[in-house]
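# Summary of structural features
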Amino acid sequence: MTKLTFLGTGGGRLVTLTQERSTGGIYLEDARRIHIDPGPGSLSALKRNHIDPTWTDAIMISHCHPDHYTDAEILIEGMSVGRRGRRGTLIAPLSVIRGKGSIGPAISRYHKEKLRSVRTLGPGNTLRVGPLEITGTPSTHGDPTGIGFKITTSNGTISYVSDTELSDAVIQPHIGSRILILPVTRPLRSRIPGHLSTEDASFFAEKVRPEICLLNHLGRRMLRSDPEMQARWIEEHSGVRTIAAKDDMALRFDHEGIVFL
Ligand SMILES: [Zn+2]
């Protein structure tokens with residue numbers, strides 16, 4: 001079984017500041033344990049969900065915005081608790097690891113030196129965390145080096161699309177994924193540059209045709225516009241089962257199907 005836990009489903013500056021939804025990212029458990037985009041609230045969300053951060057094998061950060069990385073340094077320290085020597089893997093774009101122009105880096109040299117492996121990932125590149133295969137996918141967003149992730153688990157492929165606007169280049173690599181996680185910052189009729197709206201998510205889901213589409217990174221306007229209704233709109237227009245994720249929502253999946261816990 002592979003398990004996904006939504007440690008946070010909020011996104012954008014206002015929701016991050018108020019924590020009306022947590023911004024703790026997503027936790028993947030398979031042959032390895034991976035924390036994706038540990039923004040503010042990660043630590044309390046881990047505690048709420050009874051996940052021990054000292055067991056994490058890798059941290060993946062999609063881009064250098066605080067709602068995606070702020071808790072990463074303490075979680076890197078967590079990966080080495082009780083063990084001698086370096087431990088853990090960090091996978092992130094150039095901006096997060098070394099800095100790019102005025103953006104980043106997000107991780108201090110002290111913390112990078114605690115890790116066994118620091119891997120810079122760009123779109124189209126693939127690397128492994130144990131048996132899991134991680135491919136960087138393109139995104140068009142404020143961080144020019146930002147990426148999404150396509151993760152091949154023992155039970156099929158998960159697409160974690162990070163903040164981006166819609167384009168064919170962004171959609172294409174995710175075709176074939178079983179589970180499509182989309183950052184839908186904006187509801188119907190309120191598209192802004194650099195982000196996905198409800199209409200964009202519907203188009204995306206229709207092209208990828210996953211078994212399920214999960215909406216996260218919900219911005220304030222999205223939260224004020226009934227995320228469940230937005231999810232229904234996407235499902236009706238794309239024909240893809242769609243759910244607006246909630247904080248602490250967890251699901252397990254294997255080759256038989258997907259089960260919400
Ligand atoms: Zn962002």
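Residues numbered from 1 in each chain as written. Predicted model: local features only at pLDDT ≥ 70, side-chain atom pairs only at ≥ 80, totals over all residues. Heavy atoms only, no water.

### So, the side chain of Thr135
Within the secondary structure layout, Thr135 lies in strand S8 (residues 132-138). With relative accessibility at 18%, the residue Thr135 sits in the buried group. Contacts of Thr135, omitting those with residues within four sequence positions, involve Leu121, Gly124, Asn125, Thr126, Gly148, Phe149 and Lys150. (Helix = DSSP H or I, 4+ residues; strand = E, 2+ residues; numbered from the N terminus. Buried < 20%, exposed > 50% of the residue type's maximum accessible area, 1.4 Å probe, protein only. Contact = heavy atoms within 4.5 Å.)

### Description of the nonpolar core
The nonpolar side chains of soluble globular proteins are, as a tendency, buried together. If you look at the biggest cluster of nonpolar residues, it comprises 28 residues, and the most contacted ones within it are Leu4, Ile34, Ile134, Phe149, Ile179, Ile181 and Leu251. In terms of residue count, the dominant contributor to this core is strand S9 (residues 147-153) (three residues). Ranked by size, the runner-up nonpolar core spans 21 residues in total, among them Val170, Leu196, Met222 and Ala231. (Core = buried A, V, L, I, M, F, W, Y, C linked by side-chain atoms within 4.5 Å.)

### Focus on the coordination of the zinc ion
Coordination of the zinc ion by the protein is provided by His63 (NE2), His65 (ND1), His141 (NE2) and Asp163 (OD), with metal-donor distances spanning 2.2 to 2.4 Å. The site at the zinc ion holds four donor atoms, and with the angles between them running 88 to 176 degrees, its shape is irregular. For the zinc ion, the single-chain donor residues occur in sequence as H-x1-H-x75-H-x21-D. With His63 in the loop between strand S4 (58-60) and helix H3 (66-69) and His141 in the loop between S8 and S9, this residue pair connects regions lying 78 residues apart in the sequence. (Donors = N, O, S within 2.8 Å, 3.2 Å for Na, K, Ca; no water. Tetrahedral: all angles 85-135°; square planar, octahedral: opposite > 155°, others 65-115°.)

### Digging into the sheet that holds strand S5 (residues 89-92)
Spatially, S6-S5-S4-S3-S2-S1-S15-S16 is the arrangement adopted by the eight strands of the open sheet, whose pairing is mixed. With one partner strand each, in any of the chains shown, strand S6 (117-120) and strand S16 (258-260) form the two edges of the open sheet. Shown here is a sheet whose adjacent strand axes are inclined to one another by a mean of 15 degrees, direction ignored. Examined bridge by bridge, strand S1 (residues 2-8) and strand S15 (residues 250-253) share four bridges and lie antiparallel to one another. The residue bridging Thr5 from the neighbouring strand is Ala250, located in S15. Most of the contacts of helix H4 (residues 72-79) go to S4, to which it runs at about 165 degrees, and overall it touches strand S3 (33-36), S4 and S5. (Pairing = 2+ DSSP bridges. Axes fitted to C-alpha atoms, helices over the stretch in contact; angles between N-to-C directions.)

### A few points about the packing of helix H8 (residues 198-208) against helix H10 (residues 227-238)
Close contact between H8 and H10 brings their axes to 9 Å; oriented N to C, the two are set at 40 degrees. Between H8 and H10, the angle falls in the class oblique. In this structure, H8 meets H10 at a crossing whose hand is right-handed. Taking contact as the criterion, the partners of Thr198, Glu199, Ala201, Ser202, Ala205 and Glu206 in H8 are, on H10, Gln230, Trp233, Ile234, His237 and Ser238. The class makeup of the residues in the contact of H8 with H10 is four nonpolar, five polar and two charged. (Parallel < 35°, antiparallel > 145°, perpendicular 65-115°, else oblique. Left-handed = near helix turned anticlockwise from the far one by under 90°. Nonpolar A, V, L, I, M, F, W, Y, C, P; charged D, E, K, R; others polar.)

### Structural notes on H10
Taking 1.5 Å per residue, twelve residues should reach 16 Å; H10 reaches 16 Å between its end C-alpha atoms and fits that length. Within H10, the full set of buried residues consists of Pro227, Gln230, Ala231, Ile234 and Ser238. Looking down the long axis of H10, one finds its buried residues gathered within 100 degrees of arc, a one-sided arrangement. Residues of H10 that are buried make contact with H8, strand S13 (212-216), helix H9 (220-223) and strand S14 (242-244). (Expected span 1.5 Å × (residues − 1). Arc of directions from axis to C-beta.)

### Considering the side chain of Ser22
By the secondary structure assignment, Ser22 is in the loop between helix H1 (13-18) and strand S2 (23-29). A polar contact of 3.0 Å, which involves the side chain of Ser22, links it to the backbone oxygen of Leu7. Within the structure, the side chain of Ser22 is placed 3.3 Å from the backbone nitrogen of Gly24, a separation counted as a polar contact. With sequence-adjacent residues up to four places away left out, Ser22 is seen in contact with Leu7, Gly8, Thr9, Gly10, Pro40, Gly41, Ala45, Arg48 and Asp247. (Polar contact = N/O pair within 3.5 Å; in protein donor to acceptor, adjacent residues only side chain to side chain.)

### Remarks on the pairing of S13
Most of S13 is tucked away: five of the five residues are buried. Burial of S13 is two-sided: the residues Ile212, Leu214 and Asn216 facing one way and the residues Cys213 and Leu215 facing the other way are all buried. Across five bridges, strand S11 (residues 179-186) lies against S13 in parallel orientation. Looking across to S13, one finds that Leu182 is bridged to Leu215. As judged from the three bridges shared by S13 and S14, these two strands associate in the parallel manner. Of the residues in S14, the one forming a bridge with Cys213 is Thr242.

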